[in-house]
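A look at the structure
Here's the letter readout for the chains.
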Amino acid sequence: MPFGIVAIGESLGEPVEITDSVVEEYAAEKDTLRAWGYRRFRRAEDGVLLTDLAVQACEQALKEAAVDAAEVDLVVLATADFAEYLCWDAAAAVQGRIGAVNAEALVINQACSSGTIAFDAVAGRFATHPDYRNALIVSANRVCDTYQNRMDSTATVLSDGAAAALVRRGHDRGRWLATEVITDGRYADFFRMEVGGTARPFGAPGTSGTQGLRVRNPLDRLGELLDNDARRMLAFVQKFSGNMRVAVDRVCARTGTEIGEIKRFIHLHDNQKAAADIARALGVPRERLTGDVAMDHGHFGAADQLLGLRRLMRAGELGHGDLVALTTLGSGMHWAVTLLRV
């Protein structure tokens, strides 16, 4: 179902330099942070929440595309984890606040892979709703510092921000070609918060105080989840880059593309070592992956790919007809790639 990107808007938190004092604020390991390579991250002001960022990014995309919100047929909100409330539809809240009164609202919450998967969701809706013409894909991340430590919940430094793409049926630029996703649910428990769901609700016996309220770093859970079996742990680590290559190979096969034809791989804003591992698995130079953008801004959950694409296009590093792969992995576990022709 052919559609392409008309405009991309964004809304980011304030830049914060990663100094020794900031590292101490988050009780993070200095040597680890240095090895990761991040120079700064983005932190939203108090009171600026996920849907605030999403709405601002949508409004900018609509303005740049010269499209009225009432002309939007579909709003897809992609998030990595938390919105403002439980038992609440954040996608509908965004739809209402931007005035997209004629749009269906859909939320995708597949961790850091959500923004990449969202393109496939739009393709499906366009295929089944021939009257749909305009859609907004908005990926947003707002760290809840009560639940997550920005520098210790994952192997990245977490940032606050959102990016929104106004996409249109039949538009020839930024054209969606295909999306491939690999899911391995054997690792679904790898990343989760222990308290707050129906298994252990807030306030239930044994959940007093802050016990279980923090998302633990998944690498710290690796041993206990895999019974400290060295072979199982090695197999899991190898999947990180191995499955990414499989997903890329699949999307290339579906579109008749050689991996060498892809000019840039806009990967999630991972740390330097992890990104280098992905580049080796893909058999491409490190420079063809997102680099300085990640180190200068931090990891925006599901929004990294749209933010990276916007910057590369504005910098003139991508020309008409270039192939771009939006690549990501996320808890679940999911590995996803969306192939676009600029």
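Each remark here, short or long, concerns the structure printed above.
The structure reproduced in this document is the subject of the present report.

The rules behind these values
Residues numbered from 1 in each chain as written. Predicted model: local features only at pLDDT ≥ 70, side-chain atom pairs only at ≥ 80, totals over all residues. Heavy atoms only, no water. Helix = DSSP H or I, 4+ residues; strand = E, 2+ residues; numbered from the N terminus. Buried < 20%, exposed > 50% of the residue type's maximum accessible area, 1.4 Å probe, protein only. Contact = heavy atoms within 4.5 Å. Polar contact = N/O pair within 3.5 Å; in protein donor to acceptor, adjacent residues only side chain to side chain. Axes fitted to C-alpha atoms, helices over the stretch in contact; angles between N-to-C directions. Parallel < 35°, antiparallel > 145°, perpendicular 65-115°, else oblique. Left-handed = near helix turned anticlockwise from the far one by under 90°. Core = buried A, V, L, I, M, F, W, Y, C linked by side-chain atoms within 4.5 Å. Expected span 1.5 Å × (residues − 1). Pairing = 2+ DSSP bridges. Salt bridge = Lys/Arg side-chain N within 4 Å of Asp/Glu carboxyl O.

Counting through the fold element by element, Arg169 comes out in strand β7 (residues 161–169). Given a relative accessible area of 24%, Arg169 falls into the partly exposed group. Sequence separation between Arg169 and Phe300 is 131 residues; the distance between their C-alpha atoms is 27 Å. If we ignore the near neighbours within four places in the chain, the residues touching Arg169 are Met1, Pro2, Phe3, Phe126, His129, Pro130, Asp131, Tyr132 and Arg133. From its side chain, Arg169 meets the backbone oxygen of Phe126 in a polar contact 2.9 Å long.

Remark: helix α7 (residues 230–255) packs on helix α8 (residues 272–282), axes separated minimally by 9 Å, with the N-to-C direction vectors making an angle of 45 degrees. The orientation of α7 with respect to α8, classified from their angle, is oblique. Here the hand of the crossing between α7 and α8 comes out right-handed. For the pair α7 and α8, contact is made by Phe240, Ser241, Met244, Arg245 and Val248 and by Asp277, Ile278, Ala281 and Leu282, respectively.

We now examine the nonpolar core. Formed by 33 residues in total, the largest nonpolar core has its most connected members in Phe3, Ile5, Phe119, Val122, Val167 and Leu309. No other element matches helix α5 (residues 114–128), which puts 6 residues into this core. Filtering out sequence-adjacent residues up to four positions away, Phe3 remains in contact with Phe119, Val122, Ala123, Phe126, Val167, Arg168, Arg169, Gly170, His171, Gly174, Arg175 and Trp176.

The terminal C-alpha atoms of α5 lie 21 Å apart, and with 15 residues this matches the ideal 21 Å at 1.5 Å per residue to within 8%. Every buried residue of α5 is listed here: Ser114, Gly115, Thr116, Ile117, Ala118, Phe119, Ala121, Val122, Ala123 and Phe126.

Moving on to helix α10 (residues 304–314). Because an α-helix packs 3.6 residues into every turn, residues spaced three or four apart end up facing the same way. Here α10 lies mainly inside the structure; 8 of its 11 residues are buried. Of the positions making up α10, those classed as buried are Asp304, Gln305, Leu306, Leu307, Gly308, Leu309, Arg310 and Leu312. Gly316 occupies a position one or two residues after α10 and carries a positive phi of about 75 degrees.

Let's shift gears to the sheet that holds strand β9 (residues 262–267). One open sheet accounts for 4 strands, arranged β8-β11-β10-β9; its pairing is mixed. Strands with a single pairing partner mark the edges of an open sheet, and in this sheet they are β8 (175–183) and β9. In this sheet, neighbouring strand axes are inclined to one another by 15 degrees on average, regardless of whether the strands run parallel or antiparallel. Of the strand pairs in this sheet, β8 and strand β11 (residues 334–341) are connected by 8 bridges, and their pairing is antiparallel. Its bridge partner lying in β11, Thr179 is registered against Thr338.

Turning next to the pairing of β11. Along β11, 7 of the 8 residues are buried, which leaves the element largely enclosed by surrounding structure. The turn linking strand β10 (residues 323–330) back onto β11 is made up of 3 residues, and Gly332 within it adopts a positive phi angle of 145 degrees.

Another point: the pattern of salt bridges. Taken as a whole and assessed by the stated rule, the structure comprises 27 salt bridges. Asp184 is the partner of Arg186 in a salt bridge, and the nearest nitrogen-oxygen pair spans 2.7 Å. Given the relative accessible area of 8%, Asp184 is considered buried. Connected through salt bridges with shared partners, the residues Glu10, Glu64, Arg310, Arg311 and Arg314 form a single ionic network.

Strands sit in the order β1-β7-β6-β4-β5 across an open sheet of 5 strands; the sheet is mixed. Sheet topology places β1 (3–12) and β5 (104–108) at the edges, where each strand pairs with a single neighbour. With direction set aside, neighbouring strand axes in the sheet form an average angle of 15 degrees. As paired strands, strand β6 (residues 134–141) and β7 are joined by 8 bridges and run antiparallel to one another. Looking at β7, one finds that Ala135 is bridged to Val167. Relative to β1, helix α3 (residues 50–65) is tilted by about 135 degrees, and along the sheet it contacts β1, β4 (74–79), β6 and β7. Along the sheet, helix α4 (residues 90–98) makes contact with β4, β5 and β6, crossing β4 at roughly 130 degrees.

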